[in-house]
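So you can see what is in the structure, the chains are spelled out below.
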Amino acid sequence: PVSGVCCFRGLLNVQRMFTARSGPPVCDRVGVLAAMPAEVAKLKDTVINQVEYKYGEVFTFTTGELSGKQVVFAAANVGMVFAASAATTMINLFAVKHMIFTGVAGGLHDGQKIGDIVVGKDVVNYEFDCRNFKYPWDPGYELQLGEIPFISWRYFEADPALFAAAMAAPRPNGVRISSGRIASGSVFVTTDQKKLMSETVWKPLGFPACCEMENAGVAQICRAYNIPYVSLRALSDLITGDANADFNAFCAAAADNVFPILRSVVENAGQGVPGP
């Protein structure tokens, strides 16, 4: 007779075989994340040899090829928790070696235009606030807005090579590209709120170029895993006008502006910083 231990081991081996066969093939990939389906629509139309992998109720990851590179992309849903979880999954299950976050954001500077692209020089979580906390061994040290205690992470810098590739990418006609700090939070910030936050939030953070709701979560995970990262954001609303109406009207078109830059970064991922 077959023992219970043997039966259990047999079932475990079958489970392992099923998991291995149903998961993504192992290869190094470039990960591309966004929040909403509209922000990855161009990828959905362009990436070849697509295969979808569903995990849980929210996450669908799609593998394939873009410009000869193996990629995986996903619309993680809105917010840093979903975005950070999706980034972790991409790194651990899909062997992502470079990460790009793409999508739309709200402009914070005068003179910006809807459709302008901001390449994130660095990213900060503007809601992370431990300024009232004091280290018992160093009570004179003052934590800053966005700074994580004990490890002193605050600004998550873009990978120099990915950043350089984005700034050197061919620009769509009429689209302006700039670089700057991107601020992430868990609030859809209206035009009036953007102005009210100028002294209390934006000034302590060095007046970021734009704000959104995901990047800092992904950038923090990428730093934790030592994964090169860059963020590409197109402006869907500004410091003037109606943020809600402008977002709904221009989100898809603004996101499409990013795609040529995104493709160029994917093509150059792993190439190092270009020479002068």
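Residues numbered from 1 in each chain as written. Predicted model: local features only at pLDDT ≥ 70, side-chain atom pairs only at ≥ 80, totals over all residues. Heavy atoms only, no water.

> Could you clarify how one ought to interpret the overall build of the protein chain in this entry?
Helix and strand counts for the protein chain stand at eight helices and ten strands. Counting the 276 residues in the protein chain, one finds 48% classified as buried. Long-range pairs, those at least 24 residues apart, make up 76% of the contacts in the protein chain between residues at least 6 apart in sequence. In the form shown here, the protein chain has an accessible surface area of approximately 13,600 Å², with 57% of it arising from carbon and sulfur atoms. (Helix = DSSP H or I, 4+ residues; strand = E, 2+ residues; numbered from the N terminus. Buried < 20%, exposed > 50% of the residue type's maximum accessible area, 1.4 Å probe, protein only. Contact = heavy atoms within 4.5 Å. Areas by Shrake-Rupley, 256 points an atom, 1.4 Å probe, with all protein chains shown as cover.)

> Please clarify how the side chain of Glu212 should be interpreted in this entry.
Mapped onto the elements, Glu212 comes out in strand S9 (residues 210-212). Looking at Glu212, the relative accessible area reads 6%, which means it is buried. Polar contacts involving the side chain of Glu212 include one to the main-chain amide nitrogen of Glu214, which spans 2.8 Å. Setting aside its immediate chain neighbours within four residues, Glu212 contacts Val104, Ala105, Tyr126, Ile182, Ala183, Ser184, Gly185 and Arg233. (Polar contact = N/O pair within 3.5 Å; in protein donor to acceptor, adjacent residues only side chain to side chain.)

> How should helix H8 (residues 243-268) be read in this particular structure?
A turn of α-helix holds 3.6 residues, and therefore any two residues three or four places apart point the same way. At Phe250, H8 shows its strongest bend, of approximately 60°. Within two residues after H8, Gly270 carries a phi angle of roughly 85°, on the positive side. (Bend = angle between axes of the 7 residues up to and from the residue.)

> Explain the nonpolar core here, please?
Among soluble globular proteins, nonpolar side chains are generally buried collectively. Ranked by size, the top nonpolar core spans 36 residues in total, and within it Leu33, Phe61, Met90, Met99, Val218 and Tyr229 carry the most contacts. Those elements that place two or more of their residues in this core are strand S3 (59-66), strand S4 (69-75), helix H3 (80-93), strand S5 (96-107), strand S6 (117-125), helix H7 (215-225) and strand S10 (229-237). Residues in contact with Val218, not counting those within four places in the same chain, are Leu33, Ala83, Ala84, Ala87, Met99, Phe101 and Tyr229. Counting 34 residues, the second largest nonpolar core, distinct from the first, contains Leu66, Ile100, Ala165 and Cys251. (Core = buried A, V, L, I, M, F, W, Y, C linked by side-chain atoms within 4.5 Å.)

> Would you mind going over the pattern of salt bridges with me for this structure?
In a structure, side chains of opposite charge can pair up when their charged atoms sit close to one another. With the rule as written, the count across this model stands at ten salt bridges. With a closest N to O distance of 3.9 Å, Arg233 and Glu39 form a salt bridge. Residue Arg233 is located in strand S10, and its partner Glu39 is located in the loop between strand S1 (29-34) and helix H2 (41-46); the two are separated by 194 residues in the primary sequence. Classification of Glu39 by relative accessible area gives buried; the value is 7%. Glu212 is the partner of Arg233 in a salt bridge, and the nearest nitrogen-oxygen pair spans 2.6 Å. Here Glu212 lies in strand S9 and Arg233 lies in strand S10, a separation of 21 residues in the sequence. The same class applies to Arg233 as to Glu212, namely buried. Members of the salt-bridge network, linked through shared partners, are Glu39, Glu212, Glu214 and Arg233. (Salt bridge = Lys/Arg side-chain N within 4 Å of Asp/Glu carboxyl O.)

> Quick question: what am I supposed to make of a nonpolar patch on the surface here?
Taken together, Phe133, Trp137, Phe150 and Ile151 make up a surface patch of nonpolar side chains, about 480 Å² in accessible area. Tracing the backbone through its elements, the reader meets Phe133 in the loop between S6 and strand S7 (156-157). Judged by relative accessible area, which is 32%, Phe133 ranks as partly exposed. (Patch = residues over 30% accessible without salt bridge, like charges linked within 9 Å, V, L, I, M, F, W, Y side chains within 5 Å.)

> Hey, could you run me through the packing of helix H4 (residues 160-168) against H8 in this one?
For any two helices packed against each other, the geometry comes down to the angle between their axes and how far apart the axes lie. Contact pair H4 / H8: the axes reach a minimum separation of 8 Å and the direction vectors enclose 135°. Relative to H8, the element H4 is oriented oblique. Considering only the axes of H4 and H8, their crossing is right-handed. Contact with H4, carried on its side by Leu162, Ala165 and Ala166, involves Ile261, Ser264, Val265 and Asn268 of H8 and no other residues of that element. (Axes fitted to C-alpha atoms, helices over the stretch in contact; angles between N-to-C directions. Parallel < 35°, antiparallel > 145°, perpendicular 65-115°, else oblique. Left-handed = near helix turned anticlockwise from the far one by under 90°.)

> Would you take a moment to explain the pairing of S3 for this structure?
The buried fraction of S3 is high, at six of eight residues. Here strand S2 (residues 48-55) pairs with S3 via six bridges, running antiparallel. The partner of Lys54 across the bridge, within S3, is Thr60. The loop that links S2 with its antiparallel partner S3 comprises three residues; one of these, Gly56, has a positive phi angle of about 70°. (Pairing = 2+ DSSP bridges.)

> Got a minute to help me understand the packing of H3 against H7 in this structure?
Put simply, H3 and H7 touch, their axes get as near as 7 Å, and they point 30° apart. The hand of the H3/H7 crossing is right-handed. Packed against H3, whose contacting residues are Met80, Ala83, Ala84, Ala87, Thr88, Ile91 and Asn92, the element H7 presents Ala216, Gly217, Val218, Ile221 and Tyr225 at the interface. Residues of the contact of H3 with H7, tallied by class, amount to nine nonpolar, three polar and no charged. (Nonpolar A, V, L, I, M, F, W, Y, C, P; charged D, E, K, R; others polar.)

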